[in-house]
Amino acid sequence: MRFWRVIEPHLGFLLQGFALTIAACLLAIVGAVLLGAVTASMRSSGNTWVRGAANAYGDVFRNVPFLVQLFFFFYGLPELGIYIGAFETGVIAMSIAGGAFVSDVILSGIMTVDTGVIDAAKVSGLSRFKIFTRIVLPIALRVSVRPMGSVLINLVLTSSILSTITVNELTGTAKIVAATTFKPFEVYAVLLVLYASLTTLLSFVISATHHRLNRFMTGG
Amino acid sequence: MRYADFTPYDIILLLQGLGVTLALFVGTTLIGLALGLALAVVHHYRIPGCRPVIVLVTEALKNSPVLVQLFLVFFGIPAFLHIRMTPVEAATLTISLNTAAFAFVVFRSGIESIDRDQIEAAQVFGLNRSQILRFVIAPQAAAFSVGPLIGILVNQLQVTSLISVIGVFDLTKIGNILNLRTLQPFIVWAVIGLIYYLAAKTLAHVGGCLEAALRKSVKWGGI
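These remarks concern the structure in this document.

Glancing now at the overall build of chain B. What chain B contains, in helices and strands, is 8 helices and 0 strands. Secondary structure elements of chain B, listed N to C terminal, follow the sequence α-α-α-α-α-α-α-α. Taken along its principal axes, the extent of the C-alpha atoms in chain B is 80 × 45 × 20 Å. Relative to all contacts within chain B whose residues are 6 or more apart in sequence, the contacts with residues 24 or more apart total 76%. Approximately 11,500 Å² of chain B is accessible, and the part contributed by carbon and sulfur atoms is 71%.

Here it is in structure tokens:
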């Protein structure tokens, strides 16, 4: 096992990087969901300006490469006098980019909610805020599990780009290991398989969650 | 101390970068689509032993970061096989394969979207395999596939920005150079972002027109 011989001495170091990848992804998905939920509710608002601003945000951050966005924040924020670490910058950039995709997911979830349900809630005398948080969002989130999962998987893949701004997450540590061992093929091949297994595993988990959350929805 | 301000020559630099990005994008798109189509056809005809290999490789390509793939091809393969590889070659190879993996899935579902009845009917009429592929499967699969493909291509255009990391002088690399020279990250990256944005929007628009035309021809073509 030549691959294992190359990787084995550096396993602890790679695991540190892996932990950082997981941390970045978890923080970013939380940020992205919060931002996406706000954006989605703005996009379903009646006010033209609010809707326009939210649409523009989604449009811009989906059509500009993540690397360019990342450099914009990484080099730009210090210019504004905001000095935060590369990891924090990366998480913020991932949250903002992810939020644009999540808002799409949530918005299409909101669209699937039957207007009859909302009318019924109105008649029952619920406030608009309560209708949105207690009725529309839970239904919308339930159908959004699968698309939201693919956003999460995309975030995991995107997190490798953080290595370009000196964050030593999984890809960053692998770069260092490849440089010290002079065995780039073995290191990157293992890395590729590792990422692929991680995202495949994630997609299984997402499928299972989807089935569990929608277990009452069949046959309706 | 400021290093240097923007010069008119920077516009030429930007255009050069855009040229490299677009050339690489077009090249890898053509190779990728052709390869993806070939894989889908091979998959469709159930050539023994090919199916699991194709599915495994495309899934691995789709489910791993492009940056890691680039590193594997650019640093790994030359060290492993003792060959030389330029950044452009590595970038072309990687992005082409990546596009092929995504295109394969679209083409496959495009082919699978066609009713078996239609193929059986064509067989009854005495069409041979290649005729069925050309006259029955291809036009419908194309109309089905073009929408998702455009989404993939818009995405792949953005993915090409990663090749700057292995040293290809594309638009993002030019942005890096200008950023380091002028120390004006807001202006530089906003301009680079705007160029990518416009390119993506143009691509999506052209693709939308193409899709409308194809759908129309499929709908009314037989009448």
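Let us look at the nonpolar core. With 71 residues, the main nonpolar core has A:Phe66, B:Leu162, B:Ile166 and B:Ile192 as its most contacted residues. In this structure B:Ile166 touches B:Leu70, B:Phe71, B:Phe74, B:Pro87, B:Ala90 and B:Ala91, once residues within four positions along its chain are discounted.

Take the environment of B:Ile137 next. Residue and element names in this part refer to chain B. Take Ile137: it is sitting in helix H6 (residues 129-159). Judged by relative accessible area, which is 3%, Ile137 ranks as buried. A sequence separation of 18 residues divides Ile137 from Ile119, and the C-alpha atoms of the two residues are 8.0 Å apart. Other than its neighbours up to four places away in sequence, Ile137 contacts His44, Ile111, Ile114, Ile119 and Ile132.

Counting residues at the interface gives 37 residues for chain B, matched by 33 residues for chain A. Both faces combined, the contact of chain B with chain A buries some 3,000 Å², and carbon together with sulfur accounts for 77% of it. Here A:Asp59 and B:Lys201 are joined by a salt bridge, their closest N and O atoms 2.9 Å apart. The interface formed by chain B and chain A includes 4 residue pairs in polar contact (both at pLDDT 80 or more). Residue composition of the side of chain B that touches chain A, by class: 22 nonpolar, 12 polar and 3 charged.

Turning to the side chain of A:Thr39, a few remarks are in order. Along the chain, A:Thr39 turns up in helix H2 (residues 11-43). When near neighbours in sequence (up to four residues on either side) are disregarded, A:Thr39 contacts A:Ala54, A:Tyr57 and A:Ser103.

Conventions adopted
- Residues numbered from 1 in each chain as written.
- Chains lettered and ligands numbered in written order.
- Predicted model: local features only at pLDDT ≥ 70, side-chain atom pairs only at ≥ 80, totals over all residues.
- Heavy atoms only, no water.
- Helix = DSSP H or I, 4+ residues; strand = E, 2+ residues; numbered from the N terminus.
- Contact = heavy atoms within 4.5 Å.
- Areas by Shrake-Rupley, 256 points an atom, 1.4 Å probe, with all protein chains shown as cover.
- Core = buried A, V, L, I, M, F, W, Y, C linked by side-chain atoms within 4.5 Å.
- Buried < 20%, exposed > 50% of the residue type's maximum accessible area, 1.4 Å probe, protein only.
- Buried area = accessible area lost by both parts, 1.4 Å probe.
- Salt bridge = Lys/Arg side-chain N within 4 Å of Asp/Glu carboxyl O.
- Polar contact = N/O pair within 3.5 Å; in protein donor to acceptor, adjacent residues only side chain to side chain.
- Nonpolar A, V, L, I, M, F, W, Y, C, P; charged D, E, K, R; others polar.

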